[in-house]
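Residue-level structure breakdown
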Amino acid sequence: MKTLIKYEFLKILRKKSTLIVMVVSLLITAFLFALPIMQYQAYNQDGAIAGLEGIKYQKEQYLQLSVVLTEEYITDTIREYQKLFENPDNIGYDGYEKFLIGDAYWNFVAPREKLLRTIAANYNKPEEYKGLRKLTELDITAGANFYKTRNEKVEALLNTPSLGMSEKQKEYWQDMSSQVKTPFRYGYYEGWEIIITSFELLMFAVLAICIVIAPVFSGEYQAGTDAVILSAKFGKTKLITAKIVSSFVFGILAFTLHIVVACGLPLIAFGVDGWNLPVQIVNSTIPYPFTFLETVIINIGIIYLVLLAMISLTLLLSAKMKNSYLVLAVLVPVLFIPLFLSPNGTTGIYNLLLFLLPYRCTMPELNNYISYQFGGLVLDVLTLRAILYPVLTAIMLPFAKFGFRKHQVLT
Amino acid sequence: MELKLQNLCKQYGAKHAVDNVNIKLVPGLYGLLGANGAGKTTLMRMICGVLKPSSGNITLNGKTIEELGEQYYIHLGYMPQDFGFYPDFTAREFMLYIAAVKGLDKKEAKTRTENLLHMVNLSHVADKKIKTFSGGMKQRLGIAQAVLNNPSILILDEPTAGLDPKERVRFRNLISDLAKEKIVVLSTHIVSDVSYIADTILLMKQGHLLLQEPMATVTNSIKGKVWEVLVSEQEVSKYSRHFSVVNLHHENNMVRLRIVNETAPSIDAHIIEPSLEDLFLYHFGEEAQIERSNGNENVN
């Protein structure tokens, strides 16, 4: 079996097209994940600081923000913001809203704008977007009550009529949300945020791997080697397993290389700072009790499962179709049509299915309370993805095997 | 060892590619003759288990292919018509790969690969990529892979296609050497490929097996139907229109014609000893003529 796997692996690697597709795909991935670094800009009173210099400047600004977001700290921060707002000299107006300007902005808001926005958003009602303006409206005489407000907001979100959540689903999310540790620790997390918000770009890598895998079976039909191998002792048995194993090995190795590039570039540029911070510092109502590192690991794990299922689908199509172009003609729409589909709310069969499609599965969707109920069992979207894709893999592989074993040499 | 084809049929829609073929094959070299489209390739694919018969079955020593599974393929070597290679593999890698698919252990695979590459005169290019090989080299590699597992059933589908006459002779001798104590079925529409080496001739036409005869007696059926006649050059076209002319030979201003026909084509004609080519033309006269006019030299 080892020898068969070795040669099947060699067959994949030896093709010039493999090298070309992989190099192009790696370059695209590197470019896409390097783009936020190249385009990064930090601002101070003197203007914009671009690229690595900007990153360095911003990191320094965050040094004083590496704090625990206690009620006291949040209250003081809001109070200070409100105090600055009391001075008319600090206020600008664009015809729509008032905002801090001048030293008040550059000395207080600019270094901690993300933190202020996270705090402000915590007090917005569901589907309310007031930005920093919200901070000026808050009554903090009895303290900020940040975490109490967070819990109330989670509760309000769960009861949003458009979500149409069952009591079981509400219980599920309440239970999960209660596991989020408070108070949150704040700090610099730019690199991780870029990775988390760019995960969908890895679909190009998935497609590239599927392009390379597409001829695994159909290539034998195209080359006319099917008759020889199918009439050999292991042609209908071990060889098929060897083809599947080598495809998976190739897929995993190639994808790992992409992951290294995709995660490596932002983490080298922005640093690994923030790996142990909770994702709630981006959005306080995220129900998942994860740190940034945990989120990245879990989501990469899910993308690997999606990849394996897509490889299985590719192999199934490859075993059934006459050539690899036909395989790709089916595969590309499966992978990329969801790109053009947007969720319209968070419930309904359309949305629930949409969040399970391969492209959507690359996105963690931490902010959305997407859950699936099967009788008394409630599963969040991440868990269901982690179950669904291995199941799909397990279903498709026997069909791929069967397809090749029963292939008839007609031409 | 006995390979039996019983009531074997393959239908594509209304077309019968192979129609109720019954053959019992024992060790020996079988020349499977037939014009293009006669059903030779379809029959061979079914023997090799890569094409499912519409009905009938194939048994080896009384057991069907399905019953035997891998145990059937252990005995099988197959060189399909126009079969492909992996262009980026070297000849040695290709042989070792096929050896692995055939279930040979590593040591045996290496030894057999080296011996066979030497035998087909490809040792000196064993580490060259197959994409650099000529048609003849690929054909030799094709036969080498077919016998890697020392099969007791060797199926060769048009193995000499695309070879020049010198290579064809070399190939014929090679097959003859390999055929000892094996069931070898060699399909061709080139009569000379099998006339020297076959023990038995199988003749297929439009999916039917027309005859199965030992080489020594295969032409008996057309004894008294092969004629030779000396005609003027002007008369040649007339004879060609009305009879199956196997051969013509110019002698001064006259032409000596070899004709296959039930009755004497002229009063001057005399009966001669029939050959396999005559038999082929007798059965495939019109098809063979068409192929010949298309550039396929069937009756050479």
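Treat the numbers as computed from the prediction; the structure is a model and nothing was measured.

Examining the overall build of chain A
- When you go through chain A residue by residue, the secondary structure sums to 19 helices and six strands.
- The principal-axis extent of the C-alpha atoms belonging to chain A is close to 85 × 50 × 35 Å.
- Counting over 411 residues, chain A shows a buried share of 39%.
- For chain A, restricting intrachain contacts to residue pairs at least 6 apart in sequence, the fraction spanning at least 24 positions comes to 75%.

Points about the nonpolar core
- In this structure, Val206, Ile209 and Cys210 of chain A together with Met95 and Val184 of chain B are the most contacted members of the largest nonpolar core, which totals 196 residues.
- Excluding residues within four positions of it along the chain, cysteine 210 of chain A makes contact with Met310, Ile311, Thr314 and Leu331 of chain A.

With respect to the domain arrangement of chain B
Residue and element names in this part refer to chain B.
- Domain boundaries assigned for chain B yield domain 1 (3-215) and domain 2 (221-293).
- Domain 1 and domain 2 are separated by 33 Å when their C-alpha centres are compared.
- Between domain 1 and domain 2, the residue contacts involve ten residues of the former and nine residues of the latter.
- Tallying contributions element by element places strand S9 (residues 200-205) first for the side of domain 1 that touches domain 2, with three residues.
- In the side of domain 1 that touches domain 2, the residues fall into seven nonpolar, two polar and one charged.

A look at helix H2 (residues 16-38) of chain A
All names here are of chain A.
- The terminal C-alpha atoms of H2 lie 32 Å apart, and with 23 residues this matches the ideal 33 Å at 1.5 Å per residue to within 8%.
- Along H2, the residues classified as buried are Thr18, Met22, Ser25, Thr29, Phe33 and Pro36.
- Packed against the buried residues of H2 are helix H1 (2-14), helix H10 (190-197), helix H11 (203-213) and helix H14 (238-270).

Digging into the pairing of strand S11 (residues 226-232) of chain B
All names here are of chain B.
- Sheet topology note: the S11/strand S13 (residues 254-260) ladder contains seven bridges and is antiparallel. Across the sheet, valine 226 pairs through a bridge with valine 260, a residue of S13.
- Looking at chain direction, S11 and strand S14 (residues 270-271) are connected through two bridges and run antiparallel. Across the sheet, glutamate 228 pairs through a bridge with histidine 270, a residue of S14.

Here's the deal with the domain arrangement of chain A
Residue and element names in this part refer to chain A.
- What the domain assignment lists for chain A is domain 1 (2-38 + 188-405) and domain 2 (67-170).
- The centre of domain 1, based on its C-alpha atoms, is set 38 Å off from the matching centre of domain 2.
- Listed per partner, the contact involves 14 residues of domain 1 and 14 residues of domain 2.
- Looking at the side of domain 1 that touches domain 2 residue by residue, the class counts come to five nonpolar, nine polar and no charged.

A short note on the sheet that holds strand S2 (residues 15-25) of chain B
Residues and elements named next belong to chain B.
- Strand order in the open sheet made by the four strands is S2-S1-S4-S5, with antiparallel pairing throughout. Strand pairing shows two members of the sheet lacking a second neighbour, S2 and strand S5 (63-64), which therefore form its edges.
- Strand direction decides the pairing type here: strand S4 (residues 55-60) and S5, joined by two bridges, are antiparallel. When the bridges of S5 are listed, leucine 60 appears paired with lysine 63.
- Along the sheet face, helix H1 (residues 40-47) touches strand S1 (3-12), S2 and S4 and points at about 55 degrees away from the line of S2.

Brief notes about the pairing of strand S8 (residues 183-188) of chain B
Residues and elements named next belong to chain B.
- Counting buried positions along S8 yields six of six residues, so the element is predominantly enclosed.
- Alternating residues of S8 divide into Ile183, Val185 and Ser187 and Val184, Leu186 and Thr188, and every residue in both groups is buried.
- Note: strand S3 (residues 28-33) against S8, six bridges, orientation parallel. For glycine 28, the partnering residue across the bridge sits in S8 and is isoleucine 183.
- In this sheet, S8 lies alongside strand S7 (residues 153-157) in parallel orientation, the contact comprising five bridges. Bridge pairing in S8 links leucine 154 to valine 184.

Let's talk about the packing of H1 of chain A against helix H4 (residues 91-101) of chain B
- In contact at an axis separation of 9 Å, H1 of chain A and H4 of chain B are set at 135 degrees when each is read in the N-to-C sense. It follows from the interaxial angle that H1 of chain A and H4 of chain B lie oblique. Handedness of the crossing formed by H1 of chain A with H4 of chain B: left-handed. Contacts between H1 of chain A and H4 of chain B involve Thr3, Leu4 and Tyr7 of chain A on the former and, on the latter, Tyr97, Ala100 and Val101 of chain B.
- Residues that form the contact of H1 of chain A with H4 of chain B fall into these classes: five nonpolar, one polar and no charged.

Considering the packing of H10 of chain A against helix H15 (residues 292-320) of chain A
Residues and elements named next belong to chain A.
- One can describe the packing of H10 onto H15 by two numbers: an axis separation of 10 Å at closest approach and a directional angle of 25 degrees. Judged by the inter-axis angle, H10 sits roughly parallel to H15. The two elements H10 and H15 meet at a crossing, and its hand is left-handed. For the pair H10 and H15, the contacting residues are Trp192, Ile195 and Ile196 in the first and Phe292, Thr295 and Val296 in the second.
- For the contact of H10 with H15, the per-class residue count stands at five nonpolar, one polar and no charged.

Examining the sheet that holds S13 of chain B
All names here are of chain B.
- Ordered in space as S12-S13-S11-S14, the four strands form an open sheet in which the pairing is antiparallel. Both outer strands of the open sheet, strand S12 (244-251) and S14, are each paired with one neighbouring strand and no more.
- Where S12 and S13 come together, seven bridges link them in antiparallel fashion. Across the sheet, residue histidine 249 finds its bridge partner in S13, namely arginine 256.

With respect to the environment of leucine 65 of chain A
- With respect to the secondary-structure elements, leucine 65 of chain A resides in the loop between helix H3 (51-62) and helix H4 (71-86).
- Apart from residues lying up to four places away in sequence, leucine 65 of chain A is in contact with Arg112, Leu115, Tyr186 and Gly187 of chain A.

Section: the interface of chain A and chain B
- Of the residues lining the interface, 22 residues belong to chain A; the matching set on chain B comes to 27 residues.
- By residue number, the principal contributor to the side of chain A that touches chain B is H1 of chain A, which donates five residues.

Examining the environment of glutamine 81 of chain B
Residues and elements named next belong to chain B.
- Mapped onto the secondary structure, glutamine 81 falls in the loop between strand S6 (76-79) and H4.
- Distance in space between the C-alpha atoms of glutamine 81 and alanine 161 is 8.1 Å, their sequence separation being 80 residues.
- Not counting residues within four places of it along the chain, the set of residues in contact with glutamine 81 comprises Thr41, Asp157, Glu158 and Ala161.

A few points about the confidence of the model for chain B
All names here are of chain B.
- In the predicted model, chain B carries a mean pLDDT of 84, and 94% of its residues have values of at least 70.
- The lowest-confidence element of chain B is helix H10 (residues 276-293), averaging 66 in pLDDT; the highest-confidence one is H4, averaging 94.
- Predicted as a complex, the structure gets a pTM of 0.85 and an ipTM equal to 0.80.

Quick word on unusual backbone geometry
- With an omega dihedral of -5 degrees, the bond running from threonine 182 of chain A to proline 183 of chain A counts as a cis peptide bond.
- Positive phi, close to 45 degrees, is recorded for glutamine 206 of chain B, a residue that is not glycine.
- Along the chain, glutamine 206 of chain B falls in the loop between S9 and strand S10 (208-214).
- Look at glutamine 206 of chain B and you get partly exposed, because 16 C-beta atoms sit within 10 Å.

Observations concerning the environment of aspartate 199 of chain B
Residue and element names in this part refer to chain B.
- Tracing the backbone shows aspartate 199 in the loop between helix H8 (191-195) and S9.
- C-alpha separation for the pair aspartate 199 and proline 214, spaced 15 residues apart in sequence, amounts to 5.8 Å.
- Among all residues touching aspartate 199, those that are not within four sequence positions of it are Gly28, Leu29, Pro214 and Met215.

Reading guide: rules and limits
- Sequence order as written defines residue numbering, which begins from 1 separately in each chain.
- Naming scheme: in the order in which they are written, chains are lettered from A and ligands are numbered from 1.
- Residues qualify for local features only when their pLDDT is at least 70, as the model is predicted, and side-chain atom pairs are given and counted only at 80 or more; totals for whole chains, interfaces and linings, by contrast, use all residues.
- Helical segments are the DSSP runs of H or I of at least four residues, strand segments are the runs of E of at least two, and each set is numbered from the N terminus.
- Working definition of burial: number of other C-beta atoms within 10 Å of the residue's own, with buried at 20 or more, exposed at 12 or fewer, and partly exposed in between, all C-beta atoms being placed from the backbone.
- Residue pairs qualify as contacts under a 7 Å threshold applied to their C-beta atoms, which are placed from the backbone.
- Remark: nonpolar core denotes a set of buried Ala, Val, Leu, Ile, Met, Phe, Trp, Tyr and Cys residues whose joining runs through C-beta atoms within 7 Å.
- Throughout the structure description, domain borders are defined by an automatic or database domain assignment.
- Residues are grouped as follows: Ala, Val, Leu, Ile, Met, Phe, Trp, Tyr, Cys and Pro are nonpolar; Asp, Glu, Lys and Arg are charged; every other residue, Gly included, is polar.
- Working rule for helices: expected span equals 1.5 Å times residues minus one.
- Being paired, for any two strands, means DSSP has found at least two bridges between them.
- Angles here are taken between N-to-C directions and fall from 0 to 180 degrees, while the axes themselves are lines fitted to C-alpha atoms, restricted in helices to the stretch in contact.
- Any angle that is under 35 degrees is reported as roughly parallel, and any over 145 degrees as roughly antiparallel; angles of 65 to 115 degrees are reported as roughly perpendicular and all others as oblique.
- Crossing handedness follows the turn of the near helix against the far one: under a right angle anticlockwise gives a left-handed crossing, and clockwise gives a right-handed one.
- As a per-residue measure, pLDDT tells how confident the predictor is, with possible values from 0 to 100.

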